[in-house]
Structure formats: structure tokens, C-alpha cells
Amino acid sequence: MKEFIPVLSRRGALQLGSVVLLLGVQHIARGTTIMAVRVWPSRDYTRLTIESDGELKARQFFVADPPRLAVDIEGIDLIPALRELVAKVKSDDPNISRIRVGQHAPGVVRLVMDLKQPMLPQVFTLKPVAAYQYRLVFDLYPAQAPDPLEALIAERLAGRQPEASPPQSAATDPLGDLMVQQSGKAPNNAASSSGRPANSKPALETATMAKGEAQVKTDRLVIVALDPGHGGEDSGAIGPGGTREKDVVLQIAHRLRDRINQQPNMRAYLTRDTDFFVPLNVRVQKARRVQADLFISLHADAFFTDRPQGASVFALSEKGASSSAARWIANKENSADLVGGVNVKARDEVVQKALLDMSTTAQIKDSLKLGSAMLGEISHVGRLHKGRVEQASFAVLKAPDIPSVLVETAFISNPDEEARLRSEDYQVQLADALMRGIMRYFARNPPLARSRAL
Ligand SMILES: [Zn+2]
């Protein structure tokens, strides 16, 4: 069994012990009120949030066998809201089996989380932002992180016909298993700065469109990353009727996923498939990890007034926004991490720096083509806010090697459009339109042979 990595070093624990001794519980600020407790389970990680009107202090420690995390929260007493936390953990939570709460000492509540597997926890606090007051956050990451590529492969294998013969490379190359072996020319290795072969179309790949129904023909599996915006603590925009952006964009993503997966050589990969928060940079990393061919972020915009309407499609900009509205929307979407809540200390700055240093010129060119194809199709099923693809500095569109667009499907702040976003009818039309846009893009820009080992 894998060893636990304790949250506190022994020295740290000793120091904390002495601090508690010096202060004594009676000196710790009392009277903090718990506003809410929330649990967001997912396969990636389970988050627990305790929201309060003052900052809470927590000390945590691991017990290895059986795996559990104990947390002492100071300055509060056991109240019904905390007892509710116990009931909020569902038996199908991938990471937590149950929570126990108890009054450990006067003003100190102890939570014990019984874990289903070894975990790497992140415990951090967030200052008040948007509608939230102070938040104490526990993110429980499985010590063995699920591999998205392996999950795709497993899915692919499960759907495979039994008579299909296993490709030779299956044992060594994780994606090789998903690809039909190339029988002709070797892949073009003249990669441009974006990692794609420059000015060349692989000989083995063609795309055809017949009877309005497009089909991408390629010698390998094409992966489309779908990125439903927001999630978990971050509801995104909320319509006048209470519709939450995070819910409708997930529904639309599921519909689009089904259409993509109906194609024999395409597979959708969702950056989140349930209701949990994914930081913006993690969305990009996830798509790169599965070597997605496209990245499509789905949103539903809001404005202060209920008048604005129509869909927009955005690509990245290297030199400022194409309009002030585009800049405003990018700023708004980029603030998702503040609301969703990220542990700033745990950010992978090395990866971020590497991403920033890579050129996105070729990516933007492809993204604009993809965006126009999608915009053209959306115009057949709904109104457009702007007739052309706009550009701004969206954090989520910064994968340097994946054509990436952000679709604002409609204005959720407009009552008519909110109703449409909720309706199955419109979601189906929209998913069909987005799918046609993807196929139109691939018809003109066939997916390239992978030029590197995975
Ligand atoms: Zn959004």
C-alpha cells in the first residue's frame, strides 16, 4: 500500500501544539457563525466547504490505517449546520466514506473524514468574494490520480467489437491502442511551433461531407475536449428564473458528447462531467493531457440588464480584445477561479510559465476557423450576438497546441433565452449545430497525424 504523506511535518505539529498551548482556547475568537456547509464529490477530487461570517482556523492530521483525515476547527461550537455535513456525504462519493463530527473541546469542533483511499488533501481559506463570505475549503485528491487518457482507452475498449484485432503497439503506447496502425507513409514530423505539421495534409486522412451529414475520415481517434464552464462552488451566471449557467452548459455538453461519440473515430472528453469546480488552468492541462484535437468551452452569458441576447463565439487574442464587450466577458470568465476557489499556493507555476512561453499564433488561426464554422451553424438555430468570432484573452483558451473556442450559447440573463437554454428542444438544436460546426471544421481542416509518441 502506498504510504501516506502527512499534512504536517512533525516539527510543524509540535509548533502548532505549542501555539495552542500558549493561546489557550479561551483566547481564540468566538462567535463565528457557520452560514453553510457544502460537499462537491467527483472522481477528480471531493471538496468540502464550510462558509462562515469570520475566518475559521483549522488544523488537520492524517491517520493512515484506516485512511482518515481529522480536522480541528477552532472558534466554533457544534451546530446543526455541521451535523448536516454528515448527511451530505453520499455513499457513492468516490473519496469519502463518511464524516463524523463532535465537540472536541470548548470552541473546538473535530471533523473526522473516513476516506475510501489514500488522499492528498489541500486545506485552505478563501476571503469573501461574490455572494460568498469566508470559506474554509478541504480538497481531497486521490493519491493515485485517475488518468483521463486511460479512462478514454477503457471506454474505447469497452465499445470495441470482439473480432477487432489488437494493435501491435497496445502494450507500449497508451494512445497507440486507439489508433489504427499506419500502413502507408510515416507521419509528417515537420512540426510547427504549435506542435502541428506545417502546411501539409497527411496523405491518409480525408474528410467527406454528403447529404449535409459530415463524416471525418482519419487513421486515428479524434478527441474533442468539451469544457462545461464553472461548476461546484461557481454557479456561473444565474438567470432571472434561477437557472444556473453551470447546469445548462453541462446538459448541453452531455448532448454534444453523445453526438461526438456516435462518430466511429471520434471521442469526446469532458473536463468535468458532473457538478464540481475545475480551475481554469486545470481545464487546459486536462485537454492537453489527452492530446485533444479541439477544445470547446461552453458558457451562457449574463449582463446587468435583460436585453442583450444571442450567441457569441470567442477565440484567444494575443494582442488585446477585439471589442470592449469581448474584454469584459473575458474578464468575467477569467474570474471563475476566485469564485470557484483555488488554492493559490498549490498552483503549478512551472506549467503555467511553459504555457505562456509557447506561441499561440497558429492555434488562434485554427480557432478562428473553428469558431466561424460553429457560429455559422448556430445562426441556423438561434440568434447571434455578433456575426463574427470575437477575440480576447480568455485563460481557458490558452492551450498553445489545441484550437480552442469559447461559446457563449445565449444570454441567460434574458428571460426568453433563459427559457430556451432550459428547454430540451433548444439544447438538442444547439448540440446538433455545434456538432455540424465541428464536422464542417474537420472537413476543411482534417485532423492531422500525430507526429509524436504519446
Ligand atoms: Zn461562463
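Residues numbered from 1 in each chain as written. Predicted model: local features only at pLDDT ≥ 70, side-chain atom pairs only at ≥ 80, totals over all residues. Heavy atoms only, no water.

## Overview of the environment of Arg43
What counts is decided by this rule: Starting at the N terminus, helices and strands are each numbered in turn, a helix being any DSSP run of H or I of at least four residues and a strand any DSSP run of E of at least two. Distance and chemistry together define a polar contact, namely a pair of N or O atoms within 3.5 Å, with one atom able to donate a hydrogen and the other to accept it when in protein, and with adjacent residues in sequence counting only for side-chain atoms on both sides.
Checked against the element boundaries, Arg43 lands in the loop between β1 (34-40) and β2 (46-52). On a C-alpha basis, the gap between Arg43 and Arg272 in space is 9.6 Å, while along the polypeptide they are 229 residues apart. A polar contact of 2.7 Å, which involves the side chain of Arg43, links it to the side chain of Asp273.

## Concerning the packing of helix α10 (residues 415-422) against helix α11 (residues 424-444)
So the rule is basically this: Where helices are involved, their axes are fitted lines through C-alpha atoms of the stretch in contact, as for all axes, and angles between N-to-C directions lie from 0 to 180°. With respect to orientation, any angle under 35 degrees is reported as roughly parallel, any angle over 145 as roughly antiparallel, any angle of 65 to 115 as roughly perpendicular, and every other angle as oblique. Here, two residues are considered to be in contact whenever any of their heavy atoms come within 4.5 Å of each other. Charged means Asp, Glu, Lys or Arg here, nonpolar means Ala, Val, Leu, Ile, Met, Phe, Trp, Tyr, Cys or Pro, and polar covers whatever is left, Gly included.
Orientation of α10 relative to α11, taken along the N-to-C sense of each, is 80 degrees, at an axis distance of 5 Å. Taken together, the axes of α10 and α11 lie roughly perpendicular to each other. Every residue of α11 that contacts α10 at Arg420, Leu421 and Arg422 is listed here: Glu424, Tyr426 and Gln427. When its residues are assigned to classes, the contact of α10 with α11 shows 2 nonpolar, 1 polar and 3 charged.

## Remarks on the coordination of the zinc ion
For clarity, the cut-off: For Na, K and Ca the donor cut-off is 3.2 Å, while for other metals it is 2.8 Å, and in both cases only N, O and S atoms qualify; water is not among them, so sites may look incomplete. Summary of the burial criterion: residues with accessible area below 20% of their type's maximum are buried, those above 50% are exposed, and those between are partly exposed, where the area comes from a 1.4 Å probe applied to protein chains only.
Around the zinc ion, the donor atoms from the protein are His230 (NE2), Glu245 (OE), His299 (ND1), Glu333 (OE) and Glu333 (OE), and they sit 2.1 to 2.4 Å away. Spacing between the donor residues of the zinc ion along their common chain follows H-x14-E-x53-H-x33-E. With a gap of 103 residues between them, His230 in the loop between β11 (222-228) and α4 (245-262) and Glu333 in helix α6 (residues 324-334) connect regions that are remote in the sequence. The pair His230 / Glu333 is uniform in exposure class, with both members buried.

## Brief notes about the confidence of the model for the chain
Heads up, the condition is: By definition, pLDDT measures how confident the predictor is in each residue, and it falls between 0 and 100.
Confidence along the chain averages 80 in pLDDT terms, with 76% of residues attaining 70 or more. Contacts of residues 161-212 to residues separated by more than four positions or lying in other chains number 88 contacts, the stretch itself having pLDDT below 50.

## What about the packing of aromatic side chains?
Worth spelling out the cut-off: Pairing of aromatic rings covers Phe, Tyr and the six-membered ring of Trp, with a centre-to-centre limit of 6.5 Å; geometry is then stacked below 30 degrees between planes, edge-to-face above 60, and tilted otherwise.
Under the criterion given, the structure shown has 5 aromatic pairs. Relative to Phe276, the ring of Tyr45 has its centre 6.0 Å away and its plane inclined at 80 degrees; by these criteria the two rings are edge-to-face. Here Phe276 lies in the loop between β12 (266-270) and α5 (280-289) and Tyr45 lies in the loop between β1 and β2, a separation of 231 residues in the sequence. What makes Phe276 buried here is its relative accessible area of 3%. Judged by centre distance (5.1 Å) and plane angle (55 degrees), the ring pair of Phe314 and Phe394 falls under tilted. Of the two residues, Phe314 sits in strand β14 (residues 312-316) while Phe394 sits in the loop between β15 (390-392) and β16 (404-411), which places them 80 residues apart along the sequence. Like Phe394, Phe314 is buried.

## Some details on the pairing of β16
Consecutive side chains of a regular strand alternate in pointing toward one face of the sheet and then the other. Rules: Two strands qualify as a pair provided that DSSP identifies no fewer than 2 bridges between them.
Burial runs high along β16: 8 of the 8 residues are buried. Sheet topology places strand β13 (residues 294-301) next to β16; 6 bridges connect them, and they run parallel. In the strand pairing of β16, Ser297 is matched with Leu406. By the bridge criterion, 3 bridges tie β14 to β16 in an arrangement that is antiparallel. When the bridges of β16 are listed, Ser312 appears paired with Glu408.

## Quick word on the sheet that holds strand β4 (residues 68-74)
Read from one edge to the other, the open sheet built from 4 strands follows the order β3-β4-β6-β5, with strand pairing classed as antiparallel. Sheet topology places β3 (57-63) and β5 (96-105) at the edges, where each strand pairs with a single neighbour. Looking at each pair of strands side by side, their axes are set apart by 20 degrees on average, direction ignored. Where β5 meets strand β6 (residues 108-115), 8 bridges bridge the pair, whose relative direction is antiparallel. By the bridge assignment for β6, Arg100 is matched with Val112. Against the sheet, helix α2 (residues 80-88) touches β5 and β6, its axis set at about 160 degrees to β5.

## Re the environment of Leu280
In this fold, Leu280 is placed in helix α5. Residue Leu280 is classed as buried on the basis of its relative accessible area, which comes to 10%. Linking Leu280 and Val396, residues 116 residues apart in sequence, is a C-alpha distance of 5.4 Å. Apart from the residues within four sequence positions on either side, Leu280 is in contact with Glu333, Asn334, Ala336, Asp337, Ala395 and Val396.

## A word on the pattern of salt bridges
Between side chains of opposite charge, a pair can form as their charged atoms come close. Basically, it comes down to this: A carboxyl oxygen of Asp or Glu within 4 Å of a side-chain nitrogen of Lys or Arg is what we treat as a salt bridge.
Here the structure, examined in full by the defined rule, presents 24 salt bridges. Its salt-bridge partner being Asp114, residue Arg100 comes within 2.9 Å of it at the nearest N-O pair. One end of the pair, Arg100, is in strand β5; the other, Asp114, is in strand β6, and 14 residues separate them in sequence. Of the residues examined, Asp114 reaches a relative accessible area of 11% and is grouped as buried. For the salt bridge of Asp401 with Arg288, the shortest nitrogen-to-oxygen distance reads 2.9 Å. Residue Asp401 is located in the loop between β15 and β16, and its partner Arg288 is located in helix α5; the two are separated by 113 residues in the primary sequence. The exposure class of Arg288 is partly exposed, given its relative accessible area of 28%. Here the residues in one salt-bridge network are Arg38, Glu51, Arg135 and Glu233, joined through shared partners.

## Things to note about α2
Every α-helix carries 3.6 residues per turn, so stepping three or four residues along brings you back to the same face. Applied cut-off: What the arc describes is the spread of directions from the helix axis to the C-beta atoms.
Taken together, the buried positions of α2 are occupied by Ala81, Leu82 and Leu85. One side of α2 carries all its buried residues, which in axial view fall inside an arc of 100 degrees. Exposed side chains of α2 directed beyond 90 degrees from the buried face belong to Pro80, Arg83 and Ala87. Tucked into the core, α2 has its buried residues touching β1, β2, β5 and β6.

## Re the packing of α4 against α11
For clarity, the threshold we go by: Throughout, a crossing is termed right-handed when the near helix is turned clockwise from the far one, and left-handed when it is turned anticlockwise from it by less than a right angle.
The N-to-C vectors of α4 and α11 enclose an angle of 50 degrees; their axes lie 9 Å apart at closest approach. Taken together, α4 and α11 sit at an angle that is classed as oblique. The two elements α4 and α11 meet at a crossing, and its hand is right-handed. Within the contact between the two elements, α4 uses Val248, Gln251, Ile252, Arg255, Leu256, Arg259 and Ile260 and α11 uses Glu424, Gln427, Val428, Leu430, Ala431, Asp432, Leu434, Met435 and Ile438. Here the contact of α4 with α11 is composed, by residue class, of 10 nonpolar, 2 polar and 4 charged.

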